Amino acid sequence: MYQFGLFIEHSYNKFSKKIYVGFATLPNQVHRKSVKKGFDFTLMVAGESGMGKSTLVNSLFLTDLYKDRKLLNAEERINQTVEIIKHTVDIEEKGVKLKLTIVDTPGFGDAVNNNECWKPITDYIDQQFEQYFRDESGLNRKNIQDNRVHCCLYFIPPFGHGLRPVDVEFMKALHEKVNIIPLIAKADCLTPNEIKKLKDRVREEIDKFGIKVYQFPECDSDEDEEFKQLDKELKECTPFAVIGSNTVVEARGQRVRGRLYPWGIVEVENQSHCDFVKLRNMLIRSHMHDLKDVTCDVHYENYRAQCIQEMTRLVCERMVKSLKVSLFKRLPLEFRASTLLSPHLLSVNWLRTTGWRVPSPSCLCPLQMWTLRNSSK
């Protein structure tokens, strides 16, 4: 194996410095171009009202996306239908720009009858796939806006004994379209032992019902030990038990984000209290790009393949229908007038009486029939 490159020696004040010039600088070029262009990420949050979705999102990205939110009373929540609301914010950290889009689903699971309450959500995901497919197939492909949903955080209530029927049906309806990450909401309602039991139960039911949640990729052999350890902890931690808070409280002489109760303080970023830090590390620091890759390479490619198959089927049907009509018009007039024929179906038994040599099936379409040789008696 040959190694290409060029060493140039510079002399500055009696010091000699060697600079390697070659294709090893390509990652730096990609890095500069990516930073200049910026990144985008679309996150969907789903779950019934009161699970702390808005608070958790604000805690994850240290921003306030719900300034103008109107809180509904119990009667209004019952009558509310499922909506799709988008919040977009531009975040910058150390020169890296991120266009973050949060897709909220108020009204999900709040009605008395929740039959197919996930339909507007699946329709929205398909609409984003369709829009991206149209933009990708169009003439101007330079500035395509990627609004595809890259991840869905699904909030599971902490009360109960595992997944409810609506939880199962929702995840089964979406698991082929988006990366689902299940969360146990309001983990401060449970003791550590109760959290462990609920996690085990949720994992068992996910396997039992065949739900495909987001799978962490396997670590490469050349990864450092710190990343391997982090990946192992994340896999063992799912579903994440989370707590959200935008309030700063005093704890052990330090100001931390948490919740103040009469019996003590629950710290959001204390890993012995909840899995908030693990979720944030996974979602932002270590697996954001993989979530986008899985969306593009798996979920979107499946949708794209279905669209192409459907388009091919429609084109073939139109061509065959046109050919059938053309062939039917070429039949002798006495054939068309003596029996009730249509361009779509011709009786083989009747054709045999007219001298046509046909195979044994009871009927053939005109396209098949006219490929046979015509031999009169």
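One structure accompanies this document, and this report is about it. Worth saying up front: this structure is predicted, and the values here are computed from it rather than measured. (Residues numbered from 1 in each chain as written. Predicted model: local features only at pLDDT ≥ 70, side-chain atom pairs only at ≥ 80, totals over all residues. Heavy atoms only, no water.)

1. Some words on helix H5 (residues 165-174)
By the burial criterion, the buried members of H5 are Val-166, Asp-167, Val-168, Phe-170, Met-171 and Leu-174. Of the surrounding elements, those touching the buried residues of H5 are strand S3 (39-46), helix H4 (119-137), strand S6 (151-156) and strand S7 (180-184). (Buried < 20%, exposed > 50% of the residue type's maximum accessible area, 1.4 Å probe, protein only. Helix = DSSP H or I, 4+ residues; strand = E, 2+ residues; numbered from the N terminus. Contact = heavy atoms within 4.5 Å.)

2. A few points about the side chain of Gln-128
Locating Gln-128 in the fold gives a position in helix H4. You can call Gln-128 buried: its relative accessible area is 12%. The residues contacting Gln-128, other than those within four sequence positions of it, are Asn-147 and Arg-148.

3. Digging into the pattern of salt bridges
Applying the stated criterion across every chain yields a total of 18 salt bridges. For Asp-167, the salt bridge identified is with Arg-164, shortest N-O distance 3.0 Å. When its relative accessible area of 0% is taken as the criterion, Asp-167 is described as buried. Glu-176 is paired through a salt bridge with Lys-212; the nearest N and O atoms lie 2.8 Å apart. Here Lys-212 lies in the loop between helix H6 (192-208) and helix H7 (225-237) and Glu-176 lies in the loop between H5 and S7, a separation of 36 residues in the sequence. By relative accessible area, Glu-176 is classed as partly exposed at 39%. (Salt bridge = Lys/Arg side-chain N within 4 Å of Asp/Glu carboxyl O.)

4. What to know about the sheet that holds S7
With respect to topology, six strands assemble into an open sheet ordered S4-S5-S3-S6-S7-S8, the strand pairing being mixed. Among the strands making up the open sheet, the edge pair consists of strand S4 (85-93) and strand S8 (240-241). Relative to S6, S3 runs parallel, the two sharing four bridges. Pairing of Ala-46 across the sheet is with Tyr-154, part of S6. The sheet strands contacting H6 are S6, S7 and S8, and the helix crosses S7 at an angle near 150°. (Pairing = 2+ DSSP bridges. Axes fitted to C-alpha atoms, helices over the stretch in contact; angles between N-to-C directions.)

Note that all results are geometric; they support no functional claim without further evidence.
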